[in-house]
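Notes for the structure review
Each chain is listed here by its residues.
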Amino acid sequence: MDYPEINKNIDDYATSPNLNDLKQRTDNWSWEQIENELEIPNKKFNQAYICVDRHAEKNPEKLAMIWHGANDAIENYTFQQFREESNKFANAITKVGLQKSDRVFFFTDRIPELYFACFGVLKAGGIIAPLFSAFGPEPVAERFNRAEGEYIITTPNLLSKIESIRSELPSLKAIIVISHRSKQSELGNVLQYHEIMKDMSKDFEIVNSDREDWAVMHFTSGTTGLPKGAAHVHNALISHYATGKYVLDLHEDDIYWCTADPGWVTGTSYGMFAPWSNGVTSIIYEGGFSARKWYEVIKKHNVTVWYTAPTAIRLLMKAGSELPKSMDLQSLRYIMSVGEPLNPEGVVWGEAAFNLPIHDNWWQTETGAIMVANYPSLNIRPGSMGKAFPGIKVAIIDDNFKEITEPDVEGQLAVKPGWPSMFRTYWNDEERYQSRFKGEWYITGDRAKKDIDDYFWFIGRDDDVINTAGHLVGPFEVESALIEHEAVAEAGVIGKPDPVAMEIVKAFVSLSEGFEQSDELRRELIGHCRNKLGPGTAPREIEFIDTLPKTRSGKIMRRLLKARELGLPEGDTSTLEDD
Ligand code: PRX
């Protein structure tokens, strides 16, 4: 079914959009002007200064964060408190020994101290490297070692995962444990957050920082090899601020809620940097997904702008549109989604449930900020990711890396380098970083097309990376975990389409001599992967097969496994081993 265009009339809005004419804004775009709005003092090009101290100086009593605990405890923090707590942590971590550009890993629950510590590390000159708290010990060790990390900040419930790999982390200098509201207990050879914060001053002179100094590292999966650490610099904040203003449409009085976990890039770029650089109050909800609970959070805090993800929207759709209607969520004025394709049904369902369509947008870890979006003032074509952000050239290119200007032709989605939040390297893997640039383009790894009016339409990934519930999973990481089990001779991992999570991780396994296929073994292998990798990364399905299709050079042909799974033509199999 084709969905009609949703027309936008900005005169209907109670809050006039910050971007009311995309073309005009694009024609007159200037990054310099954006930067001037931030009034950044010399040598303080620091994300923590721009997000926290700048607002504490102007508007100290304004709420920066409303924290809503999983048990419904509420804590409010003003920009002034945020400045003081992050200063204290900057003093504490400096005393512990942090040097400029040290990598500090965050592996914690969603608690207020996580945010204070992140900004404290940035003030002290360190690099924050967030990790998803549902990871098992193996992904933590791989990422930490790839970045030669120095510190890990964690919570008591996650500490055992780190202790189990501690001896495998040669560069680790200290573990800091945050016990939020719970009594500190003896935890062994670690530093306790509240202890090291105790006598620290509330003042801290932010280390001299330059726009090109390192700030944030996020790990992202590829087709081959282990995850790569995409490294970003303080300058990225220009993009976070600009997209916060023009895509998230943040206004001074907004109450904003980004549902993404702070262990993923959306949880930092849009859970922290975009709202706080715009001086907006942000909700941090500690709990997990529940349709009713999420609506209660919106209602309780009068959330106005809401940024979420397609898997969550599909789950909300399952819970029906009567529930949100019955809860009278009048405060909501604007809803967005990112991370996976948003089905047109989801866009339109927003209108039934909230009287608001859902605005899809596109970006990735490497781009650091939103590149393509449906803006509040732009008519929505349901199923499209929207149009390029002003100041950014996004294109469809052919296999010779030449732009395709004809409309509706599928090709590779590419972005012209030079935007402020572009990643600056893959940590310790400059060669792989360089391989992402071809001709005059950064190659995103996605396939898409552009229609005659410059709307972009996502087609699929150009590689074997799996997108499960908005989280990218590298098949190699899962295959490696599987073959560590004695029963597994070989493994090939693909994304299998799923109506809710978009894709689930499915593994094809051939067994070693002496092992028999059984449901019990299947369960054991899934359990083995869950322990090592965590529940979001482990396979949900395992199928035993006698041999895996391989190229003559011995590479597993995941493409073929996927085609067979989907009942699709197998394509070019000329390099297949047994042909
Ligand atoms: O394949 C695209 C998909 O998610 C990838 C980026 O994932 P990650 O690096 O984890 O960044 C998360 C921050 C968004 C993209 O290369 N993706 C993201 N947004 C969309 C999308 N696919 C379709 N539609 C989207 N709106």
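If you're wondering where the values come from, they're calculated on a predicted model, not measured in any experiment.

Rules used throughout
- Residues numbered from 1 in each chain as written.
- Predicted model: local features only at pLDDT ≥ 70, side-chain atom pairs only at ≥ 80, totals over all residues.
- Heavy atoms only, no water.
- Near = heavy atom within 4 Å.
- Polar contact = N/O pair within 3.5 Å; in protein donor to acceptor, adjacent residues only side chain to side chain.
- Areas by Shrake-Rupley, 256 points an atom, 1.4 Å probe, with all protein chains shown as cover.
- Helix = DSSP H or I, 4+ residues; strand = E, 2+ residues; numbered from the N terminus.
- Domains from an automatic or database assignment.
- Contact = heavy atoms within 4.5 Å.
- Salt bridge = Lys/Arg side-chain N within 4 Å of Asp/Glu carboxyl O.
- Nonpolar A, V, L, I, M, F, W, Y, C, P; charged D, E, K, R; others polar.
- Pairing = 2+ DSSP bridges.
- Axes fitted to C-alpha atoms, helices over the stretch in contact; angles between N-to-C directions.

**Here's the deal with the site of the ligand**
Surveying the vicinity of the ligand reveals 18 residues, the closest of which are Asp360, Asn361, Gln364, Thr365 and Asp446. Interatomic distance of 2.9 Å between a side-chain N/O atom of Asp360 and a nitrogen atom of the ligand. Across the complex, the protein chains shield 97% of the 540 Å² of accessible surface that the ligand would expose by itself. Elements with a contribution of two residues or more to the shell around the ligand: helix H10 (265–277), strand S14 (358–362) and strand S22 (456–461). Sort the elements by how many residues they give to the shell around the ligand and S14 lands first, with three residues.

**With respect to the domain arrangement of the chain**
As assigned here, the chain comprises domain 1 (10–25 + 27–450) and domain 2 (464–566). On a C-alpha basis, the centroid separation for the pair domain 1 and domain 2 is 30 Å. At the interface, 25 residues of domain 1 touch 25 residues of domain 2. Across the pair Glu138 and Lys532 runs a salt bridge whose closest N-O atoms are separated by 3.2 Å. Elements with a contribution of two residues or more to the side of domain 1 that touches domain 2: helix H6 (137–146) and helix H12 (310–318). No other element matches the five residues that H6 contributes to the side of domain 1 that touches domain 2. Counted by class, the side of domain 1 that touches domain 2 contains 10 nonpolar, nine polar and six charged residues.

**Notes on the sheet that holds strand S2 (residues 74–78)**
Pairing is mixed across the open sheet formed by nine strands, whose spatial order is S2-S1-S11-S10-S12-S13-S14-S15-S16. If you trace the sheet from one side to the other, it starts and ends with S2 and strand S16 (387–388), each paired once. Contacts from helix H4 (residues 79–96) reach strand S1 (63–68) and S2 within the one sheet, and its direction differs from that of S2 by about 85°.

**Quick word on the pattern of salt bridges**
Tallied over the entire structure, the rule returns 44 salt bridges. One salt bridge in this structure joins Glu5 and Arg381, with 2.7 Å as the shortest N-O distance. One end of the pair, Glu5, is in the segment before helix H1 (22–27); the other, Arg381, is in the loop between strand S15 (372–373) and S16, and 376 residues separate them in sequence. Asp464 is paired through a salt bridge with Arg558; the nearest N and O atoms lie 3.1 Å apart.

**Comments concerning the sheet that holds strand S25 (residues 488–498)**
Taken in spatial order, the three strands make up an open sheet running S25-S26-S27, and their pairing is mixed. Each end of this open sheet is capped by a strand with a single partner; those strands are S25 and strand S27 (541–544). Taken over all neighbouring pairs, the strand axes of this sheet differ in orientation by 25° on average, direction set aside. Inspection of the sheet shows strand S26 (residues 502–511) paired to S27 by four bridges, in the parallel sense. Opposite Lys506, over in S27, you have Glu541 as the bridge partner.

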